[in-house]
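Below are the chains, spelled out letter by letter.
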Amino acid sequence: MPGRSSLAALCRTCRLFHEPALNVLYKSLESLHPLLSCLPTTTTINEFGERMIILFKELRLSDWQRMQYYAKRVHSLRVDEEEVVIDKTILHALATSPFAPPMFTHLKRLWWSNDYADALPFLCSLVNARLEWLTLDGLDPIRFRHIAPLITSASSSLHVARFPPEYNMRNIHSDVFQSWHNLQDLGCGLVNDATLCHLASSSKLTRLSIQVDEKNDYSALMKFTGQPVFTVLQELNIAATHTSHCIPILEIAELPSLRSLHIRSTETGLTDVELHQCFCQISRHCPSLRDLYLEEWQVSPPEFPVGYVITFGILKTLFSLRHLEALHLDTTCTFSLNDKELAQLANTWLKLRALDLGTQNGWRQPSKITLQGLTELLWRCPVLSVVGFAMDAWAPDIDHQRPGGGVRRNGLEVLRVADSKIGDPLSVAAFLSDIAPNAEITGYDIAYDENLIFDRVMRYRERWEEVARLHPLLVNLRRQETACYDTLRVTQFVERVRFATRLPLGPDLEA
């Protein structure tokens, strides 16, 4: 934090600023170590070769009072996996508070991801009715089950609650959630329909991240059909083993305030017909949507690509989302788009910041989008910072010094190329150095299907690695060009670079 050294100096040199400066210094701590320095501790090496903080003498009342003098100022505390292990004797003392008053009397926000078993009692001692922000999503679910009873009995003041997504919250009665009147942000694992029904009627919930499965029949939500629910919800994240388990909530719920929707499945995805129906529901029930993410981890079912092709017609279903700013689709399906259709997408969503289509799973089919299509997209969407899709980058036109026709997007930060077809890396790097000088070329190291030809896959990957290496070099060369090169054609420019770097004339250009 900038200025902390100045605050520390004020504490030591000016009585007037001593207390206010200490309050600011200790209001938010990223570790327990600043407080442990108040105790008689030293660092040693334990039997496992780990560095460990231990007490070198018995804890006294004066030591505790010194630590409490600072700990009472802490409003926000983060405890992660420490590089230096804290001895269980110290953790036990912190948990049991051997001297009055107790520690952390003003703690409001707690982040905890330390799975050390001996630290669990200390964590339990920190969970109380004063907490407004409790983030435990990085905690082992086995450890969390010891914390859950404390949360349910003393959490009426919670504004933000994030629990391990692997923990089944169906073990917690739905009445508990009803007592959380101030809850604005909830992240957890599987929930039952009664809990979901209560959350749907909440007037304060703005962010919800849950898991669902076949046991969620949404019967409790049926009474809300056609009515606004989740009226102030702005972000919804749903995860399931099958994408189809996530869709019913979109069919039932009207989500007028929703800005971000993230759907993720780990086993079975949707066919193109099912995906079209899903997009229809999203367009109908989420009119204010800005960001749409749909991720499916299943790749290429046996019948692929039949029934698993996202066409321009399917994407047109989302055109009613006029304010869309980010579209991320990485599904079981592949894509069938050309330059003209990509331009129509760009004309519809002029405010796009991110367009990411199939960069994790790959397209697994030849793409009809060319580098000229990419250039057209960048021209029509001036605020794009992330672009990702497969292209046909086989033979870019670099006959002119500005191959992009004058289009240059310095704001493009990431270009993910997935399983794009590529011939000459140097020509492609020269093209991209002109239209996207600040972009990081990435996304080519994806997990390819076993059905693809291995030699071709590795050849494309190696060529894109070469593009990523050459791109910044060519960008720097362009910046160093002087007036005497104004009439130099890019083809000559590329040949000079190839000669200077002693590169071969180009890799094998056979498909």
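Nothing here was measured: the structure is a model prediction, and the numbers come from that model. (Residues numbered from 1 in each chain as written. Predicted model: local features only at pLDDT ≥ 70, side-chain atom pairs only at ≥ 80, totals over all residues. Heavy atoms only, no water.)

A. Spatial organisation of the overall build of the protein chain. Along the backbone of the protein chain there are 17 helices and 22 strands. Looking at the protein chain residue by residue over its 511 residues, the buried ones come to 50%. Residue pairs in contact within the protein chain that sit at least 24 positions apart in sequence constitute 76% of those at least 6 positions apart. When the accessible surface of the protein chain is summed, it comes to about 23800 Å², and 52% of that surface belongs to carbon and sulfur atoms. (Helix = DSSP H or I, 4+ residues; strand = E, 2+ residues; numbered from the N terminus. Buried < 20%, exposed > 50% of the residue type's maximum accessible area, 1.4 Å probe, protein only. Contact = heavy atoms within 4.5 Å. Areas by Shrake-Rupley, 256 points an atom, 1.4 Å probe, with all protein chains shown as cover.)

B. View of unusual backbone geometry. In the segment running from F304 into P305, the intervening peptide bond is cis, with an omega of 5°. Secondary-structure assignment places P305 in the loop between β13 (291-296) and β14 (309-311). Residue F104 is not a glycine yet carries a positive backbone phi of 50°. Topologically, F104 is positioned in the loop between α5 (88-96) and β6 (109-112).

C. Just the sheet that holds strand β3 (residues 51-55), in detail. Read from one edge to the other, the open sheet built from 3 strands follows the order β2-β3-β5, with strand pairing classed as mixed. Edge strands, defined here as strands with exactly one partner in the open sheet, are β2 (41-45) and β5 (85-86). The sheet contact formed by β2 and β3 spans 5 bridges and is antiparallel. Residue pairing across strands places I45 opposite R51, the latter belonging to β3. α5 contacts β2, β3 and β5 of the sheet and is inclined by roughly 55° relative to β3. (Pairing = 2+ DSSP bridges. Axes fitted to C-alpha atoms, helices over the stretch in contact; angles between N-to-C directions.)

D. Representation of the nonpolar core. With 151 residues, the main nonpolar core has F104, L186, F230, F389, L432 and W464 as its most contacted residues. When residues in this core are grouped by element, the largest group, 7 residues, is from helix α15 (residues 425-435). Here L432 is in contact with L371, L374, L415, P437, I441, W464, V467 and H471, once residues within four sequence places are set aside. (Core = buried A, V, L, I, M, F, W, Y, C linked by side-chain atoms within 4.5 Å.)

E. Spatial organisation of the pattern of salt bridges. Scanning the model with the defined rule gives 13 salt bridges in all. Between R170 and D213 there is a salt bridge whose closest N-O contact spans 2.8 Å. Note that R170 is positioned in the loop between β8 (160-162) and α8 (174-178) and D213 in the loop between β10 (207-211) and β11 (235-242), a separation of 43 residues in sequence. One exposure class covers both R170 and D213, and it is buried. With a closest N to O distance of 2.6 Å, R416 and D356 form a salt bridge. Of this pair, R416 sits in strand β20 (residues 414-416) while D356 is found in strand β17 (residues 354-357), placing the two residues 60 residues apart along the sequence. By relative accessible area, which is 24% here, R416 ends up partly exposed. Under the relative-accessibility criterion, D356 is labelled buried at 4%. Taken together, the shared-partner salt bridges connect R162, D185, R207 and E235 into one network. (Salt bridge = Lys/Arg side-chain N within 4 Å of Asp/Glu carboxyl O.)

F. Highlighting the environment of I142. Inspection of the secondary structure assignment puts I142 in helix α7 (residues 141-153). The exposure class assigned to I142 is partly exposed, which follows from its relative accessible area of 48%. Counting along the chain gives 25 residues from I142 to Y167, while the straight-line C-alpha distance between them is 8.3 Å.

G. Structural view of α5. Within the sequence span of α5, burial applies to I90, L91, A93, L94 and A95. S97, located one to two residues past α5, shows a positive phi value of around 50°.

H. Molecular detail of the packing of aromatic side chains. According to the stated counting rule, one finds 13 aromatic pairs in the structure shown. On the numbers, 5.4 Å between centres and 85° between planes, the contact of F319 with W349 is edge-to-face. Here F319 is found in the loop between α12 (312-315) and β15 (326-330), whereas its partner W349 is found in the loop between α13 (339-348) and β17, with 30 residues between them in sequence. Here W349 falls in the buried class, since its relative accessible area comes to 0%. Site record: aromatic cluster; members linked through ring pairs are F144, F163, Y167, F177 and W180. Geometry around Y69 places R73 over its ring, the cationic atom sitting 4.6 Å from the centre. (Phe/Tyr/Trp six-rings, centres within 6.5 Å; stacked < 30°, edge-to-face > 60°. Lys NZ or Arg CZ within 6 Å of the ring centre and 35° of its normal.)

I. Summary view of the pairing of β3. Between β2 and β3, which follow one another and run antiparallel, lie 5 residues, and G49 among them has a positive phi close to 80°. With 2 bridges joining them, β3 and β5 adopt parallel strand pairing. The partner of I53 across the bridge, within β5, is I86.

J. Molecular detail of the environment of M222. Note on placement: M222 falls in the loop between β10 and β11. Overall, the relative accessible area of 45% leaves M222 in the partly exposed class. For the pair M222 and A253, spaced 31 residues apart in sequence, the C-alpha to C-alpha distance is 8.8 Å. Beyond its immediate sequence surroundings of up to four residues, M222 is in contact with D217 and I252.

K. Summary view of the state of the cysteines. This structure, assessed with the given rule, holds 0 disulfides. Between C280, a cysteine without a disulfide, and C278, which holds the nearest cysteine sulfur, the sulfur-to-sulfur distance is 9.1 Å. With a relative accessible area of 22%, C280 lands in the partly exposed category. (Disulfide = S-S within 2.5 Å.)

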